[in-house]
Amino acid sequence: MKRLACATFLMVLTACVSTAERDWQPKIGRYSVDDVKRELGHPESCVSLDDGGTACSWATAKGREGVDKILLTFGSNGKLATFNNVRF
């Protein structure tokens, strides 16, 4: 049972690290919210922006020092416009 728990923890940790290390630059202007949802799962939150776009966030890691998140904005055309890795 301990091995299963340890293996699960390592898989989750690896997924979090790989999410934070993804190269989002080539996806700007090409990826839609649905494309990112297929890759990262459902976002923690999304808000509408004044320019008609959307901003969404996904947690990538949680620890004693805070929570790492990726914030992605999508333009009014629905395509990825910007990305930022932040720690709260």
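Residues numbered from 1 in each chain as written. Predicted model: local features only at pLDDT ≥ 70, side-chain atom pairs only at ≥ 80, totals over all residues. Heavy atoms only, no water.

## Side note on the pairing of strand β2 (residues 54-63)
As paired strands, strand β1 (residues 45-48) and β2 are joined by four bridges and run antiparallel to one another. Residue pairing across strands places Cys 46 opposite Cys 56, the latter belonging to β2. The antiparallel hairpin formed by β1 and β2 contains five residues in its connecting segment, where Gly 52 sits at a positive phi of about 95 degrees. When β2 meets strand β3 (residues 66-74), the two strands line up antiparallel, connected through nine bridges. Its bridge partner lying in β3, Trp 58 is registered against Ile 70. (Pairing = 2+ DSSP bridges. Helix = DSSP H or I, 4+ residues; strand = E, 2+ residues; numbered from the N terminus.)

## Describing the packing of aromatic side chains
Enumeration according to the criterion identifies zero aromatic pairs in this entry. One residue, Lys 27, lies across the ring of Trp 24, its end atom 4.7 Å from the ring centre. (Phe/Tyr/Trp six-rings, centres within 6.5 Å; stacked < 30°, edge-to-face > 60°. Lys NZ or Arg CZ within 6 Å of the ring centre and 35° of its normal.)

## Some points on the pattern of salt bridges
Using the criterion set out here, one finds six salt bridges in the structure. Here Lys 69 and Glu 44 are joined by a salt bridge, their closest N and O atoms 2.8 Å apart. With Lys 69 in strand β3 and Glu 44 in the loop between α2 (33-40) and β1, the pair connects residues that are 25 residues apart, well separated along the chain. On the basis of relative accessibility, which here comes to 42%, the residue Glu 44 falls in the partly exposed class. Glu 65 is the salt-bridge partner of Arg 87, the closest N and O atoms lying 3.7 Å from each other. Taken together, the residues span a long stretch of sequence, with Arg 87 in strand β4 (residues 80-87) and Glu 65 in the loop between β2 and β3 at a distance of 22 residues. Summarising the burial analysis for this pair, Arg 87 and Glu 65 share the class exposed. Members of the salt-bridge network, linked through shared partners, are Arg 22, Lys 27 and Glu 39. (Salt bridge = Lys/Arg side-chain N within 4 Å of Asp/Glu carboxyl O. Buried < 20%, exposed > 50% of the residue type's maximum accessible area, 1.4 Å probe, protein only.)

## Things to note about the confidence of the model for the protein chain
Here the protein chain averages 82 in pLDDT, while 76% of its residues score no lower than 70. Helix α1 (residues 2-21) is the least confidently modelled element of the protein chain, averaging 45 in pLDDT, while β1 averages 96, the highest of any element. Taken as a whole, residues 2-20 scores under 50 in pLDDT and shows seven contacts with residues more than four places along the chain or in a different chain. (pLDDT = per-residue confidence, 0-100. Contact = heavy atoms within 4.5 Å.)

## Points about the environment of Cys 56
Positionally, Cys 56 belongs in strand β2. Linking Cys 56 and Thr 73, residues 17 residues apart in sequence, is a C-alpha distance of 6.3 Å. Not counting the four nearest positions on each side in its chain, Cys 56 is found in contact with Pro 43, Ser 45, Cys 46, Ile 70, Leu 71, Leu 72 and Phe 74.

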